[in-house]
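Listed below, chain by chain, are the residues.
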2 protein chains.
Amino acid sequence: MTDRAPARLPAEIRQRRRFATKAEEAVVGLLRTADGVQRASEGCLGAQGISGQQYNVLRILRGAGSEGLPTLEIAERLIERTPGITRLVDTLERKKLVTRERGTKDRRVVRCRITRAGLTLLGALDAPVVRAAGQAMRGLRPAELLRLIALMDRVRQTLD
Amino acid sequence: MTDRAPARLPAEIRQRRRFATKAEEAVVGLLRTADGVQRASEGCLGAQGISGQQYNVLRILRGAGSEGLPTLEIAERLIERTPGITRLVDTLERKKLVTRERGTKDRRVVRCRITRAGLTLLGALDAPVVRAAGQAMRGLRPAELLRLIALMDRVRQTLD
DNA sequence: ATCATTTACTTGATGTATCAATTAAAGTGC
DNA sequence: GCACTTTAATTGATACATCAAGTAAATGAT
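Criteria and thresholds
- Residues numbered from 1 in each chain as written.
- Chains lettered and ligands numbered in written order.
- Predicted model: local features only at pLDDT ≥ 70, side-chain atom pairs only at ≥ 80, totals over all residues.
- Near = placed C-beta within 6 Å.
- Helix = DSSP H or I, 4+ residues; strand = E, 2+ residues; numbered from the N terminus.
- Nonpolar A, V, L, I, M, F, W, Y, C, P; charged D, E, K, R; others polar.
- Contact = placed C-beta atoms within 7 Å.
- Least-squares fit on C-alpha atoms with pLDDT ≥ 70 in both.
- Axes fitted to C-alpha atoms, helices over the stretch in contact; angles between N-to-C directions.
- Left-handed = near helix turned anticlockwise from the far one by under 90°.
- Expected span 1.5 Å × (residues − 1).
- Bend = angle between axes of the 7 residues up to and from the residue.
- Buried ≥ 20, exposed ≤ 12 C-beta atoms within 10 Å, placed from the backbone.
- Pairing = 2+ DSSP bridges.
- Arc of directions from axis to C-beta.
- Core = buried A, V, L, I, M, F, W, Y, C linked by C-beta atoms within 7 Å.

(A) Structural detail: the protein's contact with DNA strand C. Around DNA strand C, 18 residues are found, and the nearest of them are P70, T71 and L72 of chain A together with G84 and R107 of chain B. Breaking the surface near DNA strand C down by element, the ones donating at least two residues are α3 (71–77) and α4 (85–94) of chain A together with α4 (85–94) of chain B. Looking at the surface near DNA strand C, its residues break down into six nonpolar, seven polar and five charged.

As structure tokens, then:
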């Protein structure tokens, strides 16, 4: 028995290599990081009893102003795409956070608007959400944050 | 009327600014990018009739080898955390892709193992998944890919 | 003018996720 | 040995997501 023969392998590398390629490692890293960041940054929404998707719909409608937006345009702007936009807006309407009315010119479109109550709710969340985002990203210095943003923008440009 | 007074603002900036901070922009970018990349890279799973979470459980169990893993250890290693690990494994057991047996030493733990069928299924997915990841990340050059991975690792280190 | 197509949403069926509460076994203190 | 806590996993209630199919209005083609 010579000492050139490795006695035992560390237990962690029984999987020959965790990722076949760097692209795969990046994909997993992205999903993992997004899950953690989402958890960290959406924690403060629970206090107001709305989900992340509902919050994003409200933000989109606030951004759209008093003209509101057709239902499917909200879906297009959402962070996570969903075929369930109708029921998502249903929920917000039940909570009196948005209103809907069928268009007069084109009677197929349903225009959604945020209510006063919706604006108030969003107002109460603005500061906590910004604070939570800052916390979630505290591991990076400003320049690194910019680099991360730029890299992800580039990834998205080639998607679809 | 001097030309120093701006005549009108572009319509897009009726929302004073889209993000209050760069951290918030990064958080939204992360969620958006992850959603798109997930869609792109998990598309190939549909062919085998399993979800991304199910696929990840199978990969974890393949990595664990023949000893398998206790149910909750799978949950800890998952990309996206879930309280629904029991039912996730239920589904895989129904599909005959994993087996479960209660431990003899500690009768609380349930040890999960991947079956031959599970390994075969994973084997059929390995190449498509790597290919899809490469496609999803084709917007970045190798050095940029490494930088993205490193930045996200740093973000995760400060989470929780 | 009529019919086919597209667009904008809605609905039904089914599956998956999430939270809180529960069971059962193991460890801990005395 | 007996209560007390912790750990591992399961279950029930309810919400949310997803897919396929459907409705109704508008648009386009002949």
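(B) Highlighting the environment of M152 of chain B. Of note, M152 of chain B is situated in helix α6 (residues 142–157). Sequence spacing of M152 of chain B and K105 of chain B is 47 residues, and the spatial spacing of their C-alpha atoms is 40 Å. If we ignore the near neighbours within four places in the chain, the residues touching M152 of chain B are G29, L30 and T33 of chain A.

(C) Seen up close, the protein's contact with DNA strand D. Taken together, 18 residues surround DNA strand D, and among them G84 and R107 of chain A together with P70, L72 and T86 of chain B come closest. Where the surface near DNA strand D is concerned, the elements lending two or more residues are α4 of chain A together with α3 (71–77) and α4 of chain B. For the surface near DNA strand D, the class distribution of residues is six nonpolar, seven polar and five charged.

(D) Region of interest: the relation of the copies chain A and chain B. For these two chains of identical sequence, chain A goes onto chain B by a turn of 180° and a shift of 0.0 Å along the axis, with RMSD 0.0 Å. Expressed as an axis order, the relation between the two copies is that of a two-fold axis. Both copies contact each other with a shared surface, as 100% of the interface residues of chain A are interface residues in chain B too.

(E) Local environment of the packing of helix α1 (residues 22–42) of chain A against helix α5 (residues 116–136) of chain A. Residues and elements named next belong to chain A. Look at α1 against α5: their axes get within 8 Å of each other, and the N-to-C directions meet at 145°. Note on packing geometry: the crossing formed by α1 with α5 is right-handed. For the pair formed by α1 and α5, the contact residues are V37, A40 and S41 on the first element and V129, A132, A133, Q135 and A136 on the second. Looking at the contact of α1 with α5 residue by residue, the class counts come to six nonpolar, two polar and no charged.

(F) Region of interest: the interface of chain A and chain B. Residue-level contacts link 52 residues of chain A with 52 residues of chain B. If you tally residues by element for the side of chain A that touches chain B, the top one is α1 of chain A, at 19 residues. Each residue belonging to the side of chain A that touches chain B can be placed in one class, and the counts come to 25 nonpolar, 13 polar and 14 charged.

(G) Broad picture of α5 of chain A. Under the 1.5 Å per step criterion, the end-to-end length of α5 of chain A is 30 Å for 21 residues, consistent within 8% with the ideal 30 Å. At D126 of chain A, α5 of chain A shows its maximal kink, close to 35°; a proline, P128 of chain A, follows between one and four residues later. Burial in α5 of chain A covers these residues: G118, A132, A133 and A136 of chain A. Tucked inside the fold, the buried residues of α5 of chain A contact α1, α2 (52–64), β2 (98–102) and β3 (110–114) of chain A together with α1 (22–42) of chain B.

(H) Representation of the sheet that holds strand β1 (residues 69–70) of chain A. All names here are of chain A. One open sheet holds the three strands; their spatial order is β1-β3-β2, and the pairing between them is antiparallel. Each of the sheet's edge strands pairs with one partner strand only, and the pair in question is β1 and β2. Where β1 and β3 come together, two bridges link them in antiparallel fashion. Each bridged residue has a counterpart across the sheet, and for L69 the counterpart in β3 is C112.

(I) Here's a closer look at unusual backbone geometry. All names here are of chain A. In this structure, K96 takes a positive phi of about 65° despite not being glycine. Tracing the backbone through its elements, the reader meets K96 in the loop between α4 and β2. We classify K96 as exposed; it has 11 C-beta atoms within 10 Å.

(J) Highlighting α6 of chain B. Residue and element names in this part refer to chain B. Here α6 is 16 residues long and its end C-alpha atoms lie 23 Å apart, about the 22 Å a rise of 1.5 Å per residue gives. Where α6 is concerned, the buried positions are L145, L148, I149, L151, M152 and V155. All buried residues of α6 project into a common sector of 165° when viewed along the axis, lining one side. Residues of α6 that are exposed and angled more than 90 degrees away from the buried face: P142, A143, A150 and Q157.

(K) Structural detail: the nonpolar core. Core analysis: the biggest nonpolar cluster contains 40 residues, and V27 and M137 of chain A together with V27 and M137 of chain B have the highest contact counts within it. Leaving out residues up to four positions away in the same chain, V27 of chain B has contacts with V37, S41, A133, A136 and M137 of chain A.

(L) Fine view of the sheet that holds strand β1 (residues 69–70) of chain B. Residue and element names in this part refer to chain B. The three strands lie next to each other as β1-β3-β2, forming an open sheet whose pairing is antiparallel. One side of each edge strand has no neighbouring strand; the edge strands of this open sheet are β1 and β2 (98–102). Direction of pairing for β2 relative to strand β3 (residues 110–114): antiparallel, over a ladder of five bridges. Note that in β3 the partner of V98 across the bridge is I114.

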